[in-house]
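A structural walkthrough
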Amino acid sequence: MRLSVIIPAHRSHAFIGDALDSLAAQQQPDGLALEVIVVADDGTDYAHHFTAARRQTLECLSATTGRIAAGPSAARNIGLNRASGDFISFLDADDLWLPGRAAALLPLAAAHGAAVCRMAITALDAPGTPKLTPVLPKHGHLSPQDSLLIDGGFCPVYRRDCITHTWDEALDFAEDLLFNHVAVVNAGGLFVHPQPLMHYRIRPDSATHHMPSASHRAERAYAQMLSRLSPASGETATLAACLHRKRRLNAAYLQAWQQEPGLHFEQFVRAISP
């Protein structure tokens, strides 16, 4: 059995080593190979990060989009095309898997098709213990509809047969919402492990957190996704309702940020969550 982890990399040399070390430290079940695919999207070479120590536990591949700033979706699609795993996951270059994440989620992904864990959130290079993020407040099995209520990013491990689609390269924000939704629908739901086995690290200069442009990009992306949906019925109606809710949440966050510059989206969601 093989787990492929795909990492898009854009100006990530300063911190991608931490991400690779977090994968190299995974407790791998017997008979599992862990393949990591780094896809450069900045015209540089990341192969030198595949040190001998990391190669002892990782099968390392490097690829490139062949462009500069083609976007994470383009990079993930190239990685997905190269991946040979029975299971697939995606990791941003500034985030970390905690020891035991692969061992905990793989059996759940095998049984349920899609599995994820709660996450801890911290600023990049911040000292101290990270706080739990509220993006996955529940654990256990979530229906595809309930998984749409998750506010914020989440990074499941998928059984390969649940990925029958590619990342939408026309979207430059919230692209993970659509990709994850299709995969979770294919899996029949999402199983959430109760432990925080991943660190989601915030960089204020990242596209996701650089305000107010992040909020404006989110609004454009939600409007773009809604414009593509066919007449609302069934699953389409559920997705449309989710996008309308996220637009309202994004607008409320922008207003809160204007009153408190520096407020992160995850902090805002935690503050308003029951």
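In this text the structure is predicted, and so the values were computed from the model without any measurement.

Criteria and thresholds
Residues numbered from 1 in each chain as written. Predicted model: local features only at pLDDT ≥ 70, side-chain atom pairs only at ≥ 80, totals over all residues. Heavy atoms only, no water. Helix = DSSP H or I, 4+ residues; strand = E, 2+ residues; numbered from the N terminus. Rg over C-alpha atoms; globule rule 2.2 N^0.38 Å. Buried < 20%, exposed > 50% of the residue type's maximum accessible area, 1.4 Å probe, protein only. Contact = heavy atoms within 4.5 Å. Areas by Shrake-Rupley, 256 points an atom, 1.4 Å probe, with all protein chains shown as cover. Domains from an automatic or database assignment. Buried area = accessible area lost by both parts, 1.4 Å probe. Salt bridge = Lys/Arg side-chain N within 4 Å of Asp/Glu carboxyl O. Nonpolar A, V, L, I, M, F, W, Y, C, P; charged D, E, K, R; others polar. Expected span 1.5 Å × (residues − 1). Phe/Tyr/Trp six-rings, centres within 6.5 Å; stacked < 30°, edge-to-face > 60°. Lys NZ or Arg CZ within 6 Å of the ring centre and 35° of its normal.

**Regarding the overall build of the protein chain**
What the protein chain contains, in helices and strands, is nine helices and 10 strands. For 274 residues, the compact-globule estimate of 2.2 N^0.38 gives 19 Å, and the protein chain sits close to it at 18 Å. A principal-axis box enclosing the C-alpha atoms of the protein chain has dimensions of 50 × 40 × 40 Å. The 274 residues of the protein chain split such that 53% are buried. Within the protein chain, contacts between residues at least 6 apart in sequence are counted, and of these 76% link residues at least 24 apart. By element, 54% of the accessible surface of the protein chain is carried by carbon and sulfur atoms, the whole surface being about 12100 Å².

**Quick look at the domain arrangement of the protein chain**
You can read the domains of the protein chain as domain 1 (2-202) and domain 2 (212-272). Each partner contributes to the interface: domain 1 provides 23 residues, whereas domain 2 provides 21 residues. Together domain 1 and domain 2 conceal approximately 2000 Å² of surface at their shared face, both sides included; 64% is due to carbon and sulfur atoms. Sorting the residues of domain 1 by area buried against domain 2 places Leu148, Asp151 and Phe173 first, and these three jointly supply 28% of that buried surface. Counting the contacts that link domain 1 with domain 2 gives two salt bridges. In this structure, arginine 228 engages aspartate 168 in a salt bridge whose closest nitrogen and oxygen atoms are separated by 2.1 Å. Sorting the residues of the side of domain 1 that touches domain 2 by element identifies β7 (131-132), α6 (175-187) and β10 (190-202) as the ones contributing at least two each. The residue inventory of the side of domain 1 that touches domain 2, partitioned by class, reads 15 nonpolar, four polar and four charged.

**A few points about helix α4 (residues 101-112)**
A rise of 1.5 Å per residue sets the reference length of α4, with its 12 residues, at 16 Å; its end C-alpha atoms lie 16 Å apart and thus fit the reference within 8%. By the burial criterion, the buried members of α4 are Arg101, Ala102, Ala104, Leu105, Leu106, Leu108 and Ala109. Its buried side turned inward, α4 meets β1 (2-9), β4 (87-90), β5 (96-97), β6 (114-123), β9 (157-159) and β10. Immediately downstream of α4, the backbone of glycine 113 shows phi near 95 degrees, a positive value.

**Observations regarding the packing of aromatic side chains**
According to the stated counting rule, one finds six aromatic pairs in the structure shown. Residues tyrosine 253 and phenylalanine 265 carry aromatic rings whose centres are separated by 5.4 Å and whose planes lie at 80 degrees to one another, so their mutual orientation is edge-to-face. Here the residue tyrosine 253 occupies a position in helix α8 (residues 235-259), and phenylalanine 265 occupies one in helix α9 (residues 265-272), the gap between them amounting to 12 residues. The burial state of tyrosine 253 is the same as that of phenylalanine 265; both residues are buried. Ring centres of tyrosine 253 and phenylalanine 268 lie 5.6 Å apart, and the angle between their planes is 40 degrees; this geometry places the pair in the tilted category. Note that tyrosine 253 is positioned in helix α8 and phenylalanine 268 in helix α9, a separation of 15 residues in sequence. For the pair tyrosine 253 and phenylalanine 268, a shared accessibility class is recorded, and that class is buried. Joined through ring pairs, the aromatic side chains of Phe90, Tyr158, Trp167 and Phe179 make up one cluster. The residue whose ring lies beneath arginine 76 is tryptophan 167, and the NZ or CZ to ring-centre distance is 4.5 Å. Of note, arginine 101 hangs over the ring of tryptophan 97, and the distance from its end group to the ring centre comes to 4.6 Å.

**Structural notes on unusual backbone geometry**
With an omega dihedral of 5 degrees, the bond running from methionine 211 to proline 212 counts as a cis peptide bond. Summarising the element assignment, proline 212 is placed in the loop between β10 and α7 (213-228). Backbone geometry places alanine 69, a non-glycine residue, at a positive phi of 65 degrees. Among the secondary structure elements, alanine 69 is positioned in the loop between β3 (59-64) and α3 (72-82). Phi is positive for alanine 174, close to 60 degrees, though the residue is something other than glycine. Summarising the element assignment, alanine 174 is placed in the loop between β9 and α6.

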